[in-house]
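Now for the letters of each chain:
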Amino acid sequence: MLDARFVRENIDVLKKALEKRGYEIDLHEFLSLEEQRLSLLKESEELRNKRNTVSEEIGKMKKQGQTTDSLVAEMKKVSERIKEIEEILKAIEQKTGLFLLNIPNIPHESVPTGKDETENVEIRKWGEPREFEFEPLNHWDIAETLDIIDFERGAKIAGARFAVMKGLGARLERALMNFMLDLNTSKGYKEIFPPILVNKESMTGTGQLPKFSEELFRTVDPEFYLIPTAEVPVTNIHRGEILREDQLPIYYTAYTPCFRREAGSYGKDVRGLIRQHQFNKVELVKFTRPEDSYNELERLTLDAEDILQKLGLPYRVIVLCTGDMGFSAAKTYDIEVWLPGQQRYREISSCSNFEDFQARRANIRFKREGKKGTEFVHTLNGSGLAIGRTLVAILENYQQKDGTVIVPEALRQYMGVEVIR
């Protein structure tokens, strides 16, 4: 969430930033609310001063035996007006708060301007796509031949966009989870296993609510939300807290199942594991000082890349343009893995710096040693990586002509086999 004072004092700057993101928001509504708020605050202050002054006068008059009925009646009306103003201010603050919750973050100055994904900018590539001596298959065909993923029974059990992992497919999913967590913890990330049902406040804190309610699964009685990413519960670990400067940076990694309704994606990626309602991810989350966050973003991205490098999977890194960034992000790198069966790069990890956008919503602050007051931390998040999509990349990149799949060397100690057959 943006600071209300910043919005009030930088309307033109904000308008330009939102235009770059493709957002059209009527900021006049906010300014009108602010004008009302300031006017009422001024009136309330004047009435309180008047009440204090007249109350002293009433006290003196009573000591002198004078009649004070008219002044007492007048002050009663003043008190009623002050109470009325308080109620109006409370309603205005709720409207202002909701308005601010629906404004996206401002892009960092280094983010390229663009309207959509076609204008994202490639930063670097790693690895060369394999040249096959045969026509490479899509992962769903490989999985069917090997009998390691059952899409038909997944649909029978739950519906479209669900799958059942079987045999070595299930073991590969579990191996990837353990491999990623072990690698991340070896780099200083603390492993977290958080709840996957969260409350409304947690979803609001990281920016999923109120903007993206249609993307979320939720329970009704009691009301909980199924997490779309471990970013939600892990970031909210410190919601409402004041951290010490010497505690920063904080690095967390977490495996969780994730759930997304994929609203608006009808007809997209209807086959396979690319766009599922339920999927597994290993996440990276950081809490840093503001001056450190962009260096930490570069390190976070390299940590996510390291996983693909150790698995021997070709990929590229792109920086998202203003029109393709997520709602809460100030800057985002996407890592896209090469999928031979589709002859294209597909997003497998997204690494973002949210600056103080989430921290302000979730009220996560820190106190510098020897200084008065507190500041909002900067939060960062990176999927290190979507496990299902990593599994897809392994099946397609390591497929063999005889229908088997070679297990990447980094995973063999977790799998217990060298070949999936």
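Quick notes on the rules
Residues numbered from 1 in each chain as written. Predicted model: local features only at pLDDT ≥ 70, side-chain atom pairs only at ≥ 80, totals over all residues. Heavy atoms only, no water. UniProt positions renumbered as here; feature names shortened; annotations may be inferred. Axes fitted to C-alpha atoms, helices over the stretch in contact; angles between N-to-C directions. Helix = DSSP H or I, 4+ residues; strand = E, 2+ residues; numbered from the N terminus. Left-handed = near helix turned anticlockwise from the far one by under 90°. Contact = heavy atoms within 4.5 Å. Nonpolar A, V, L, I, M, F, W, Y, C, P; charged D, E, K, R; others polar. Buried < 20%, exposed > 50% of the residue type's maximum accessible area, 1.4 Å probe, protein only.

The protein appears in an unreviewed UniProt entry as Serine--tRNA ligase from Dissulfurispira thermophila. You can read under Function (unreviewed entry) in the UniProt record for the protein the words "Catalyzes the attachment of serine to tRNA(Ser). Is also able to aminoacylate tRNA(Sec) with serine, to form the misacylated tRNA L-seryl-tRNA(Sec), which will be further converted into selenocysteinyl-tRNA(Sec)." As stated in UniProt under Sequence similarities (unreviewed entry), the record for the protein gives "Belongs to the class-II aminoacyl-tRNA synthetase family. Type-1 seryl-tRNA synthetase subfamily."

Draft legend 1. View of the packing of helix 7 (residues 167–186) against helix 12 (residues 387–397). It is the contact of helix 7 with helix 12, at a shortest axis distance of 10 Å, that shows an interaxial angle of 115°. In the crossing of helix 7 with helix 12, the sense of the turn from one axis to the other is right-handed. Contacts from G169, L172, E173, L176, M177 and M180 of helix 7 reach helix 12 at I387, G388, T390, L391, I394 and L395. Broken down by class, the residue content of the contact of helix 7 with helix 12 amounts to 8 nonpolar, 3 polar and 1 charged.

Draft legend 2. Highlighting the UniProt feature "binding site: L-serine" (unreviewed entry) in the protein. Under the UniProt annotation, the feature "binding site: L-serine" (unreviewed entry) is placed at T229, A230, E231, R260, E283, N381 and S383. Along the polypeptide, R260 turns up in the loop between strand 9 (250–259) and strand 10 (278–288). Given the relative accessible area of 27%, R260 is considered partly exposed. When residues no more than four places from it in sequence are discounted, the contact partners of R260 are E215, F217, P228, T229, Q276, H277, F279 and K281. Of note, S383 is situated in strand 16 (residues 378–386). For S383, a relative accessible area of 3% translates into the label buried. In this view, S383 contacts K281, V282, E283, A304, I348, S349 and S350; residues no more than four positions away in its chain are not counted.

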